[in-house]
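# What the coordinates show
Below, each chain spelled out in residue letters.
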Amino acid sequence: MANQLVLSPVQLPSVSTFSAPMLTALTSALGIDRSVLASDNQIQNAWQNLPQLLSNIPPHLRTEGVMRMCVAVATGLFDSAINYAWNAAVVELRDKVRRFGIHIIPQIIDKDFDEKKLLDMQDAELLNLCLKLNLISETGYFMLDQCRDIRNNFSAAHPVIGNIDEYEFISFLNRCSRHALSDEQNMAGVDIKEFMTALNAAGFSPEQMQIWCHRIAQTFNAQRDAIFGMLHGIYCDPSKEEHSRITAISVCNHFASSFSPSSISLLINQHQKYQAKGEQERFKASQAFFENLKIIGLLSETERHALISTACKNLMTIHQGINNFYNEGPFAERVAKLSEGHQVPETVRREFVETVVTCSVGNPYGTANAADIYYMQMIKGFSPREIQVMFELVSSHTVLAGRIASHPRCRAKFKEIVQSVQPSSIPTSSKSIYDKWLQS
């Protein structure tokens, strides 16, 4: 078992001999009731508990602010003591962030970060950052966030809404000392710095992938969200090594089907930020991120329209070109990937159906076998509305209709397509033409 650091007890002088008479004399001289300050018993109570609480704070963190806190307690100014304790906690949390590495944080939060931004952070933002970096635990975050509320409403930093007694102050200091003013290492969660070092060093082996994915699965929600946001940022960063980008999306792929609403919101916000800032290279990479994880359905309908329409046009160009039988496969796979797992937008539905069915029917010489696997996969998943569009295309002046009418091979292939469609998906308006094709 590792040796634990034993802190030497703090010895404080007695305050009973000078504090009580001084406060009585001071309030009397100003003509103010003694009850506006903590009573002698409350001061003594708090003072007796201070040595143990101060002993829990490492010597190098017993700063000037902690000393001022002690003076405030000795004079019954618990509201001021709270403010000094909180300030000391915030200073140490900032130092924890600095020790973590300010230069690393932009990669984690996917935005600029420097010393000035650290100093300008609101206390609530600082706590959130420390939680995501695993510098404090979930329990520590909860306790310190309560301390933040108490400090804002009951300390000398702002007009107070009420007074606190010695027990509330002791509880406040205990939380600050345990979760901020300490050298305690949080063993729960993911060591972000270690994770990033491994990620940037080389591609993960299967064993590494299993270990890190297990750790991410076991960590708390806030840090998991931050990790997914960080991995998305790494994948979209054109300056990153390819092995880092591949590893980043591979880790995300383990969790894509179970992304929480907060994770999804974070990823969408980052994606839209790239678009709003005109960062086209990152924006295109972000689209590829959603596409490769098969979560393109999370993007806006307008954006999905553009992606599917462009992919269909590219596929049709290849289909009508020379050596199409050899070249169609990857383009067909792209259209299949873009249409998988979500409804194709109404605005691009006709183009999508026409492209897929036309390419599957092929030409008098045949169909690209490597691509037809994807065509049939998409056709079998057609919705009733898409099946209706397919039959409408056969009755219109289209390339598809011309091929079916002119070439027996194409007609036979279209009948095969019709037979592959789920009978339960046939809309009422298309039932007669469906039956006709089955009987032909």
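Everything below is about the structure printed above this text.
The paragraphs below set out a description of the structure included in this document. Everything numeric here is computed off the predicted structure, so don't read it as measured data. All residue numbers refer to position in the chain's written sequence, counted from 1. Note on the predicted model: pLDDT of at least 70 is required for a residue's local features to be given, and 80 or more for side-chain atom pairs to be given and counted; whole-chain, interface and lining totals, by contrast, use all residues. For the side-chain quantities, the full set of heavy atoms in the structure was used; hydrogens and water were omitted.

## Focus on the environment of Tyr-141
- As for its placement among the helices and strands, Tyr-141 is situated in helix α8 (residues 138–154).
- With 39 residues separating them along the chain, Tyr-141 and Ala-180 place their C-alpha atoms 9.6 Å apart.
- The contact criterion used is simple: two residues touch if any of their non-hydrogen atoms lie within 4.5 Å. Among all residues touching Tyr-141, those that are not within four sequence positions of it are Leu-127, Asn-128, Leu-131 and Ile-136.
- For Tyr-141, the side chain forms a polar contact with the side chain of Asn-128, separated by 3.2 Å. Comment: elements are numbered from the N terminus, with helices defined as DSSP H or I runs of at least four residues and strands as E runs of at least two. By the criterion applied in these results, polar contacts are pairs of N or O atoms within 3.5 Å in which, for protein atoms, one can donate a hydrogen and the other can accept it, and in which residues neighboring in sequence qualify only through two side-chain atoms.

## Quick notes on the layout of surface pockets
- Here the largest pocket is characterised by a volume of approximately 600 Å³.
- When residues in the lining of the largest pocket are grouped by element, the largest group, five residues, is from helix α14 (residues 261–276). Of the grid points, spaced at 1 Å and generated over the protein atoms alone, those admitting a 1.4 Å probe that cannot get out make up cavities, while open sets with protein on both sides within 12 Å along at least five of seven lines make up pockets; any residue with an atom within 4 Å of a point is treated as lining. Grid points are joined across faces, edges and corners, and a volume is the space filled by probe spheres set on the points.

## A closer look at the packing of aromatic side chains
- Any pair of Phe, Tyr and Trp rings, taking the six-membered ring for Trp, is counted once the centres come within 6.5 Å. Such a pair is stacked with planes under 30 degrees apart, edge-to-face with planes over 60 apart, and tilted for the rest. Applying the stated criterion across every chain yields a total of 11 aromatic pairs.
- Pairing Phe-289 with Phe-290 gives two aromatic rings, centres 5.8 Å apart and planes at 75°, and the pair type is edge-to-face.
- For Phe-290, a relative accessible area of 0% translates into the label buried.
- Judged by centre distance (6.4 Å) and plane angle (90°), the ring pair of Phe-391 and Phe-414 falls under edge-to-face. With Phe-391 in helix α20 (residues 384–394) and Phe-414 in helix α22 (residues 408–420), the pair connects residues that are 23 residues apart, well separated along the chain. Each member of the pair Phe-391 and Phe-414 is classed as buried.
- An aromatic cluster of at least three residues, connected via ring pairs, comprises Phe-195, Phe-204 and Trp-212.
- When the ring centre of Trp-212 is taken as reference, the NZ or CZ atom of Arg-215 above it lies at 4.6 Å.
- Two conditions define a charge located above a ring, namely a distance within 6 Å from the ring centre to NZ of Lys or CZ of Arg, and an angle within 35 degrees of the ring normal. Across the ring face of Tyr-235, the terminal group of Arg-245 is positioned such that the distance to the ring centre comes to 4.4 Å. Here the term buried applies to any residue with accessible area under 20% of the maximum for its type, exposed to any over 50%, and partly exposed to those in between, with areas from a 1.4 Å probe on protein chains only.

## Quick look at the nonpolar core
- Throughout this description, the term nonpolar core refers to a set of buried Ala, Val, Leu, Ile, Met, Phe, Trp, Tyr and Cys residues connected via side-chain atoms within 4.5 Å. With 133 residues, the main nonpolar core has Met-69, Phe-169, Phe-352, Val-357 and Phe-414 as its most contacted residues.
- Here the element with the most residues in this core is helix α4 (residues 78–100); it accounts for 11 residues.
- The residues touching Phe-169, leaving out its near neighbours within four places in the chain, are Leu-50, Met-69, Val-73, Phe-78, Ala-81, Ile-82 and Ile-164.

## Comments concerning a nonpolar patch on the surface
- Side chains of Met-22, Leu-26, Leu-30, Ile-32 and Val-36 sit close together on the surface and give an oily, nonpolar patch of about 460 Å² of accessible area.
- Here Ile-32 lies in the loop between α1 (19–30) and α2 (40–55).
- Residue Ile-32 is classed as partly exposed on the basis of its relative accessible area of 41%. Patch membership is restricted to residues that have no salt bridge and whose relative accessible area is over 30%. Joining uses 9 Å for like charges and 5 Å for the nonpolar side chains Val, Leu, Ile, Met, Phe, Trp and Tyr. Per-residue accessibility takes into account occlusion by the displayed protein chains alone, with areas from the Shrake-Rupley method and a 1.4 Å probe. A pair is scored as a salt bridge if a Lys or Arg side-chain nitrogen falls within 4 Å of a carboxyl oxygen belonging to Asp or Glu.

## Quick notes on the packing of helix α16 (residues 301–319) against helix α18 (residues 346–361)
- In contact at an axis separation of 9 Å, α16 and α18 are set at 25° when each is read in the N-to-C sense. In terms of their interaxial angle, α16 and α18 are classed as roughly parallel. Viewed along their axes, α16 and α18 form a crossing whose handedness is left-handed. Counting all contacts with α16, which are made through Glu-301, His-305, Ile-308, Ser-309, Cys-312, Lys-313, Leu-315, Met-316 and His-319, the residues of α18 involved are Glu-346, Thr-347, Val-348, Glu-351, Phe-352, Glu-354, Thr-355, Thr-358 and Cys-359.
- Polar here means any residue other than Ala, Val, Leu, Ile, Met, Phe, Trp, Tyr, Cys and Pro, which are nonpolar, and Asp, Glu, Lys and Arg, which are charged; Gly is therefore polar. The residue inventory of the contact of α16 with α18, partitioned by class, reads seven nonpolar, six polar and five charged. Helix axes use the C-alpha atoms of the stretch in contact, all axes being lines fitted to C-alpha atoms, and the angles between their N-to-C directions lie in the range 0 to 180 degrees. Convention used here: angles under 35 degrees read as roughly parallel, angles over 145 as roughly antiparallel, angles from 65 to 115 as roughly perpendicular, and any remaining angle as oblique. Crossing handedness follows the turn of the near helix against the far one: under a right angle anticlockwise gives a left-handed crossing, and clockwise gives a right-handed one.

## Let's talk about the pattern of salt bridges
- On inspection of all chains with the given rule, the structure shows 20 salt bridges.
- The closest approach of N and O atoms between Arg-215 and Glu-194, which form a salt bridge, is 3.8 Å. Taken together, the positions of Arg-215 in helix α11 (residues 206–218) and Glu-194 in helix α10 (residues 192–201) put the pair 21 residues apart, joining distant regions of the chain.
- Among the salt bridges present, the one from Asp-435 reaches Lys-431, with a minimum N-O distance of 3.2 Å. In this pair, Asp-435 and Lys-431 are both assigned in helix α23 (residues 431–439), four residues apart and thus about one turn of the helix distant.
- Taking relative accessible area as the criterion, Lys-431 reaches 39% and is therefore assigned partly exposed.

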